[in-house]
Structures are given as structure tokens and as C-alpha cells.
Amino acid sequence: MITDSELDDLVQEEVKSRVFEMTSGISVDKSIRRSILFVSKDKNIPLSDFKKAQKFLRIIDGYLNVVINKVDVVEKYFNIFYSTTVFLAGLYFLIIPIVDIGGLSDVQKLEIFAFCVFMFIFSLYLISRNQIFKSAEKIKRIL
């Protein structure tokens, strides 16, 4: 049976957790939340970095640590490789309307240009996915 004081403690902890999640956007358990607040104040790291690196935060031996496993490292380098490939392919396709050996119509040139713009934006999106790794590495260096 749960007592009133235990229930009060649970409710207070849930309220603290929800308030922290609503203000910072970080949804973590009590031990990680306390560590984040302590490290953020002590080392002057913005909470936005913790939000980005939330996937990698772990408590090991009572201390906050950043753990980046091999699959995540492969993902990081794949994002770099794929975004570079998409960007270079966009540059290649951008050359087609400029050279215009085949006599492309204006509509075809516009379509190719729009496709290139899409590829450039998509490559920026892919490379922006690595921001979580930059934040995690920044926190790991400081810790």
C-alpha cells in the first residue's frame, strides 16, 4: 500500500519532471535531470546542447557521461558522405543547363534548376543531422 507521503513525493517528482521537460525540452529521468542541471550551472553549458545530445547521456558510476557507440559513429560519417554526395550531384546537374549542349527548353532548365535547389537543401538537412554529435562531443570534452 502506498502512503500519502510517498504519493506526495511521487506527484512532486512528476511535476518537477514535467516542468523541466516543458522548459528545456529534455525528457529524462531524475538522476540524469539533476546531473544535467548541476553540470549546466557548474560548467556553463547551455541546456540546448544537452537537448541535442540527449540520446547519448548516461549515468555511469554516479556521474553524467556521454556515450557514443559505434553505430552512431557510422551514422555520423554516413551523413557526411551522403550529404556531400548529394551536394556534388546537385552541382553536376546544375552544370547541365549552363552548358546546354542538347538544346534544352526553358522549362527543362527550370526543372533541372529546381531539382538542384532541392538537392542542395536536402544535403544541408542531412549535414544538420550531425548537430547532435557536435553537441555530444562538446559535452564529452567539457566533462
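Draft legend 1. View of the side chain of Asn130. Of note, Asn130 is situated in the loop between helix H5 (106-128) and helix H6 (131-142). The class of Asn130 is buried, set by a relative accessible area of 4%.

Draft legend 2. View of helix H2 (residues 30-43). Taking 1.5 Å per residue as the helical rise, H2 with its 14 residues ought to reach 20 Å, and the 20 Å between its terminal C-alpha atoms agrees with that figure. When we look at burial in H2, the residues that qualify are Ile32, Arg33, Ser35, Ile36, Val39 and Ser40. The buried residues of H2 occupy an angular sector of 165 degrees when projected down its axis, which confines them to one face. Facing away from the buried side of H2 by more than 90 degrees, the exposed set consists of Arg34, Phe38 and Lys41. Positive phi shows up at Asn44, right after H2, with a value of about 60 degrees.

Draft legend 3. View of the environment of Arg129. Tracing the sequence through the fold places Arg129 in the loop between H5 and H6. Since its relative accessible area comes to 40%, Arg129 is described here as partly exposed. Taking the C-alpha atoms as reference points, Arg129 and Glu75, 54 residues apart in sequence, are found 9.5 Å from one another.

Draft legend 4. Up close: unusual backbone geometry. Phi angles above zero are rare outside glycine, and Asn44 is one such case at about 60 degrees. Classification of Asn44 by relative accessible area gives exposed; the value is 69%. One non-glycine residue, Asp61, lies in positive phi territory at about 55 degrees.

What counts, and at which threshold
- Residues numbered from 1 in each chain as written.
- Predicted model: local features only at pLDDT ≥ 70, side-chain atom pairs only at ≥ 80, totals over all residues.
- Heavy atoms only, no water.
- Helix = DSSP H or I, 4+ residues; strand = E, 2+ residues; numbered from the N terminus.
- Buried < 20%, exposed > 50% of the residue type's maximum accessible area, 1.4 Å probe, protein only.
- Expected span 1.5 Å × (residues − 1).
- Arc of directions from axis to C-beta.

In short, the description is geometric, and any link to function would need to be established separately.
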